[in-house]
Amino acid sequence: MTSEKKLGKSTQAIHAGERQSSPTQKSGIPLLPPIYQNSTFRFTTAAECAEAFRDEESGYVYTRWGNPTQEVLEKKLAVLEAGEAALATASGMGAVSTALLTALADGGHVVAMENLYSATFQILSEELPRFGIETTFVDATDPSQIERAIRPDTKVLYLESPTNPLLKLIDLRASAEIAKAHDMISIIDNTFATPCGQQPITLGIDVVVHSMTKYLSGTGAVIAGAIIGQKAFVTRAKEGALRNFGAVISPFNAWLTLQGITTLPLRFARHCENAVRVAAFLEAHPAVAWVRYPGLPSHPQHELAKHQMDAFGGMITLELKGGRAAGEHLVDRLQRCALAVSLGDVRTLICHPASTTHSHVPAEIRQQIGIADGLVRISVGLEDVEDILADLEQALESCAP
Ligand code: PLP
């Protein structure tokens, strides 16, 4: 049979990692991977149980250590992100924190992109310093700033691209080369791009993390996360920080995420198709000051986007000419698009980062990195694009400055 790595993305999303054997004594293999909704596993002899403790590959012991439903999802994730192995976690932040705790097990210093999801920014700027781990934040869109921030004790380069919410891009190949040259582990949050938009591991990045709450599960039904990378790193994360700090995904959420991932390539293509139409509409609207979308020629890094990304995604950021008041007016007037944080949902979601997702980032830092008070973020959904445009049009009508 063809190696799963060589299959097309849609075939991988549907078939990769799925179990080929029957979980019962009878013939007939469940077409959908079954959900093993149990906390512990039973053994017939003490020797068998001891063996499972000694060699974890030989059996399941306890769901915080591993579970067959989690494992199907993990095999699929590894194939989709072109990694050796993967770990599913209870949330995106469970993945971010587990990856950081694993990479920084012996302490050290971090160089990170200055514009990150706010809880990640808080881990790096508030939580880890309590344990003696410092971070230098840089504008990593300029690789020379990464190079200049490296210290003798720097262990990790932490990135997002496209960033949340400014949709800035980082040259992943160049950044990965810098990290390798200095013996650092490079980690990227690939939530916005998904493996359908870019595969950072193929560009040299060591570790990918995801909030699977977003595009990967896709329906807004779960909170979940993932870590993908080399087997040695993933095993250390699984047997150390994940198991002991406990950010383990529940079998039910793993199963729901598995159902969502099967349609990821199809959904992502439609998110992209709708987003490019919405971005072009917004850019031409007189009430709009500017629009950022990596697929628009007006994006300052459009050339890098074309070079590094396979598709540009469903996220758009804009600012209205009327600033914060107009932005709030826009979200208040929308009828079909939902005022909600989160992203990557089948529904179009719109939010105001300065007062929601990025409200924990100090105001002066928001200003410094460009998260203006009037900024609005749209996660373009899968509705008929004409209906999304009509809703935006009626809401924007009264937003002119
Ligand atoms: N990473 C990014 C880029 C996000 O946007 C988010 C949440 O919005 C997270 C991580 C955290 O994910 P979760 O809410 O699943 O913990």
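Structure's up top.
Rules used throughout
- Residues numbered from 1 in each chain as written.
- Predicted model: local features only at pLDDT ≥ 70, side-chain atom pairs only at ≥ 80, totals over all residues.
- Heavy atoms only, no water.
- Helix = DSSP H or I, 4+ residues; strand = E, 2+ residues; numbered from the N terminus.
- Buried < 20%, exposed > 50% of the residue type's maximum accessible area, 1.4 Å probe, protein only.
- Contact = heavy atoms within 4.5 Å.
- Lys, Arg positive; Asp, Glu negative; His and termini not counted.
- Charge placed at Lys NZ, Arg CZ, Asp CG, Glu CD.
- Near = heavy atom within 4 Å.
- Polar contact = N/O pair within 3.5 Å; in protein donor to acceptor, adjacent residues only side chain to side chain.
- Areas by Shrake-Rupley, 256 points an atom, 1.4 Å probe, with all protein chains shown as cover.
- Nonpolar A, V, L, I, M, F, W, Y, C, P; charged D, E, K, R; others polar.
- Salt bridge = Lys/Arg side-chain N within 4 Å of Asp/Glu carboxyl O.
- Phe/Tyr/Trp six-rings, centres within 6.5 Å; stacked < 30°, edge-to-face > 60°.
- Lys NZ or Arg CZ within 6 Å of the ring centre and 35° of its normal.
- Pairing = 2+ DSSP bridges.
- Axes fitted to C-alpha atoms, helices over the stretch in contact; angles between N-to-C directions.
- Parallel < 35°, antiparallel > 145°, perpendicular 65-115°, else oblique.
- Left-handed = near helix turned anticlockwise from the far one by under 90°.

Participant: When you look at the overall build of the chain in this model, what are you seeing that I'm missing?
Facilitator: Check the secondary structure of the chain and you find 15 helices and 12 strands. Within the chain, the fraction of its 401 residues that count as buried is 54%. Of the contacts made within the chain by residues no fewer than 6 positions apart, 73% connect residues no fewer than 24 positions apart. Treating the 34 positive side-chain charges of the chain as one cloud and the 44 negative ones as another, the clouds have centres 5 Å apart.

Participant: Quick question: what am I supposed to make of the side chain of Lys76 here?
Facilitator: Mapped onto the elements, Lys76 comes out in helix α3 (residues 68–80). Since its relative accessible area comes to 0%, Lys76 is described here as buried. The contacts of Lys76, once residues within four sequence positions are left out, are Gln12, Ala13, Ile14, His15, Ala16, Gly17, Glu18, Leu258 and Ile261.

Participant: It is not clear to me how the site of the ligand should be interpreted in this structure. Could you clarify?
Facilitator: Neighbouring the ligand are Ser91, Gly92, Met93, Tyr117, Asn164, Asp189, Thr191, Ser211, Thr213, Lys214, Ala224 and Leu343. One of the side-chain N or O atoms of Asn164 is found 3.1 Å from an oxygen atom in the ligand. Within the contact set of the ligand, an oxygen atom lies 2.6 Å away from a side-chain nitrogen or oxygen of Thr213. Compared with its free state, where it exposes 400 Å², the ligand has 91% of that area covered by protein. Across the shell around the ligand, the residue classes break down as 4 nonpolar, 6 polar and 2 charged.

Participant: When you look at the pattern of salt bridges in this model, what are you seeing that I'm missing?
Facilitator: Should their charged atoms come close, side chains of opposite charge can pair. Scanning the model with the defined rule gives 14 salt bridges in all. Here Glu127 makes a salt bridge to Arg130, at a shortest N to O gap of 3.2 Å. According to the relative accessible area criterion, Glu127 is partly exposed, its value standing at 36%. Through salt bridges with shared partners, a single ionic network connects Arg324, Glu328, Arg366 and Asp373.

Participant: Sorry, what's going on with the packing of aromatic side chains here?
Facilitator: Between two aromatic rings, the relevant description is the distance of the centres plus the angle of the planes. Applying the stated criterion across every chain yields a total of 5 aromatic pairs. Aromatic pair Tyr215 and Phe268: ring centres 5.3 Å apart, planes at 85 degrees, arrangement edge-to-face. Separated by 53 residues along the polypeptide, Tyr215 in the loop between β6 (207–211) and β7 (225–229) and Phe268 in helix α11 (residues 264–283) bring together distant segments of the chain. Per residue, the accessibility class of Tyr215 equals that of Phe268, and both read buried. Geometry around Trp65 places Arg243 over its ring, the cationic atom sitting 4.0 Å from the centre. The ring of Trp290 has Arg292 lying over it, and the distance from NZ or CZ to the ring centre is 5.0 Å.

Participant: Sorry if this is basic, but what is going on with the sheet that holds strand β12 (residues 375–379) here?
Facilitator: Whether parallel or antiparallel, the strands of a sheet pair through hydrogen bonds between backbone atoms. An order of β8-β9-β12-β11-β10 is seen for the 5 strands of this open sheet, with the pairing classed as mixed. The sheet is open, and its two edges are formed by β8 (288–292) and β10 (338–339), each paired on a single side. Strand contacts of α11: β8, β9 (315–320) and β12, with the helix running at about 10 degrees to β9, the strand carrying the most contacts. Here helix α13 (residues 323–333) sits on the sheet and contacts β9, β10, β11 (349–351) and β12; the angle it forms with β9, its principal contact strand, is near 125 degrees.

Participant: How should I be thinking about the side chain of Thr135 in this particular structure?
Facilitator: By the secondary structure assignment, Thr135 is in strand β3 (residues 134–138). By relative accessible area, which is 16% here, Thr135 ends up buried.

Participant: Even after reading the chapter, I still don't get the packing of helix α4 (residues 92–103) against helix α9 (residues 231–245), so can you show me in this structure?
Facilitator: The axes of two packed helices give the description: the angle between them and the distance between them. Look at α4 against α9: their axes get within 9 Å of each other, and the N-to-C directions meet at 115 degrees. One finds that α4 runs roughly perpendicular with respect to α9. By crossing handedness, the relation of α4 to α9 is classed as right-handed. From α4, Thr98, Ala99, Leu101, Thr102 and Ala103 reach across to α9, where they touch Phe233, Arg236, Ala237, Ala241, Leu242 and Phe245.

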